[in-house]
Amino acid sequence: YVKKKERYLGPLLPWSWKSLSKEHHESFLPNEYKGFKKKIVCTLGGHKYRKPLFDSVVSLAMQMPDILFIALSDFKTDVVLKNLLVLGFVENPSHYYFNADLVITQAGHSTAMELITLGVPMLVVPDTGQIEQESNAKRLCELGLGSKLSYKDLSTNTLHNQVRYMLSESSFLESAK
């Protein structure tokens, strides 16, 4: 009886398409960060068990100075790099996702739906034991929208290899679009 009353509406997004444009997105970046051709957004929140991923992203930024890394996370770092922008929590991350070449995130449903809607490939690192995230990660990979790393396999080297591969392999972007 309930199924007869259901209607699929698509992803429910916390922002409107009208608020998204390249110019609007660029206005959110401080001037010193606007010259980078490639941008990677990493959204992590502040759960303590995600700190190794944050630290790996900071190390990755050191190894990849030609790419802008934007970290949306409550974690802090003393590392100061011209290609690393640590912003903390932001009200509307869509401004940062919109022109990202890749987003590193968990595989939570809301973020995955936002990124699918925007056509952005994602590298997902699901929280260990989070069935929803692990299931979403599996499906994202099956659809060619992203790839997955686990915390067990996480290192700066594996992250570096996966990011380089995803940025050079056009199939991720094609599937996301």
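The rules we used
- Residues numbered from 1 in each chain as written.
- Predicted model: local features only at pLDDT ≥ 70, side-chain atom pairs only at ≥ 80, totals over all residues.
- Heavy atoms only, no water.
- Helix = DSSP H or I, 4+ residues; strand = E, 2+ residues; numbered from the N terminus.
- Buried < 20%, exposed > 50% of the residue type's maximum accessible area, 1.4 Å probe, protein only.
- Contact = heavy atoms within 4.5 Å.
- Areas by Shrake-Rupley, 256 points an atom, 1.4 Å probe, with all protein chains shown as cover.
- Core = buried A, V, L, I, M, F, W, Y, C linked by side-chain atoms within 4.5 Å.
- Pairing = 2+ DSSP bridges.
- Axes fitted to C-alpha atoms, helices over the stretch in contact; angles between N-to-C directions.
- Expected span 1.5 Å × (residues − 1).
- Salt bridge = Lys/Arg side-chain N within 4 Å of Asp/Glu carboxyl O.

S.K.: Which residues make up the overall build of the protein, and what values do they have?
M.R.: Of regular secondary structure, the protein possesses seven helices and six strands. The N-to-C order of helical and strand elements in the protein reads α-β-α-β-β-α-β-α-β-α-β-α-α. Across the 177 residues that make up the protein, the buried fraction comes to 46%. Residue pairs at least 24 apart in sequence account for 62% of intrachain contacts in the protein once pairs closer than 6 positions are excluded. About 10,000 Å² of surface is accessible on the protein, with carbon and sulfur atoms providing 54% of the total.

S.K.: Describe in detail the nonpolar core, supporting the description with residues and values.
M.R.: Leu-53, Phe-69, Ile-104, Leu-123, Leu-159 and Val-163 are the most contacted members of the largest nonpolar core, which has 26 residues in total. Of all the elements in the fold, those that place two or more residues in this core are strand E1 (38-45), helix H2 (51-63), strand E2 (67-73), strand E4 (102-105) and helix H6 (156-168). With six residues, the top contributor of residues to this core is H2. Leu-123 has contacts with Leu-102, Val-103, Ile-104, Thr-105, Ser-147, Lys-148, Leu-149, Leu-159, Gln-162, Val-163 and Met-166, leaving out every residue within four places of it along the chain.

S.K.: Quick one: what's the story with the sheet that holds E2, residue by residue and with numbers?
M.R.: A sheet is described by the order of its strands in space; here six strands give the open sequence E3-E2-E1-E4-E5-E6, paired in parallel fashion. Since the sheet does not close on itself, it has two edges, and those belong to strand E3 (84-86) and strand E6 (146-148), each with one partner. Strand-to-strand twist across the sheet, computed as the mean angle between neighbouring axes with direction ignored, equals 15°. The pairing of strand E5 (residues 122-124) with E6 spans three bridges and is classified as parallel.

S.K.: Please give an account of H2 that cites residues and values.
M.R.: Here H2 spans 19 Å end to end across 13 residues, near enough to the 18 Å set by a 1.5 Å rise per residue. Among the residues of H2, those classed as buried are Leu-53, Phe-54, Ser-56, Val-57, Val-58, Leu-60 and Ala-61. Looking at the buried side of H2, the elements it contacts are E1, E2, E3, E4 and H6.

S.K.: For the pattern of salt bridges, give the residues involved together with the corresponding values.
M.R.: Applying the stated criterion across every chain yields a total of four salt bridges. The shortest N-O distance in the salt bridge between Lys-51 and Asp-55 comes to 2.6 Å. Taken together, the positions of Lys-51 and Asp-55, both in helix H2 and four residues apart, correspond to about one turn of that helix. Exposure remark for Asp-55: the relative accessible area of 35% places this residue in the partly exposed category. Glu-142 is the salt-bridge partner of Arg-139, the closest N and O atoms lying 3.1 Å from each other. Taken together, the positions of Arg-139 and Glu-142, both in helix H5 (residues 131-142) and three residues apart, correspond to about one turn of that helix. The class of Arg-139 is partly exposed, set by a relative accessible area of 44%.

S.K.: Residues and numbers for the environment of Lys-177, please.
M.R.: Within the secondary structure layout, Lys-177 lies in the segment after helix H7 (170-176). Remark: the alpha-carbon pair of Lys-177 and Ile-116, spanning 61 residues in sequence, is separated by 8.1 Å. Setting aside chain neighbours within four positions, we find Lys-177 in contact with Leu-118 and Gly-119.

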